[in-house]
Amino acid sequence: MKDGGFAMNASIAIQVLPHVDGNQEVVRIVDEVIDYIKGTGLHYTVGAFETAVEGDYDTLMEIVKQSQIIAHRAGADKVSAYVKIVYAPQGEMLTIDEKITKHQQ
């Protein structure tokens, strides 16, 4: 499968937690990170605790890096990121849609 011109050989789930005061500030900063992910053109889905993204491995690792940088630039002095990675350079992967579509209403 191709995504953004690259072979889809990986997927990530990323949760970015900016260390700031107040829930509204957390939401504002996380929204900036999600806007960045949207702008990558990759297939993604936003959940209550994390955002899943699929694409090629190198691009996804850059997203992990940039997500922390964006959160810092948006006002977080410290940023925690919790990341799950599936990497299948030769094999097939289940897509986000294959994993969740049957569970959505």
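Quick caveat: nothing in here was measured; it's all calculated off a predicted structure.

Visitor: Could you clarify how one ought to interpret the pairing of strand β3 (residues 10–19) in this entry?
Guide: The two faces of the sheet receive side chains in turn, since in a regular strand these alternate between them. Most of β3 is tucked away, with seven of its ten residues classed as buried. Across five bridges, β3 lies against strand β5 (residues 51–55) in antiparallel orientation. Pairing of Ala13 across the sheet is with Ala52, part of β5. In terms of strand pairing, β3 meets strand β6 (residues 78–87) through ten bridges, oriented antiparallel. Paired with Ile12 across the bridge in β6 is Ile85.

Visitor: Looking at this structure, how should I read the environment of Ala52?
Guide: Counting through the fold element by element, Ala52 comes out in strand β5. Classification of Ala52 as buried rests on a relative accessible area of 19%. Residues Ala52 and Ile12 lie 40 residues apart in sequence; the distance between their C-alpha atoms is 5.5 Å. Setting aside residues up to four positions removed in sequence, Ala52 forms contacts with Ile12, Ala13, His43, Tyr44, Thr45 and Ile96.

Calculation criteria
- Starting from 1, residues in each chain are numbered consecutively following that chain's sequence as written.
- In keeping with the predicted nature of the model, local features appear solely for residues at pLDDT of at least 70, side-chain atom pairs appear and are counted solely at 80 or more, and the whole-chain, interface and lining totals rest on all residues.
- In computing side-chain values, all of the structure's heavy atoms are included and hydrogens and water are not.
- Accessible area is worked out with a 1.4 Å probe on protein chains only. A residue is then buried under 20% of its type maximum, exposed over 50%, and partly exposed in between.
- The secondary structure listing takes helices from DSSP runs of H or I that are at least 4 residues long and strands from runs of E that are at least 2 residues long, numbered from the N terminus.
- Any two strands with at least two DSSP-identified bridges between them are counted as paired.
- By definition in these notes, contact holds between two residues if any of their heavy atoms fall within 4.5 Å.

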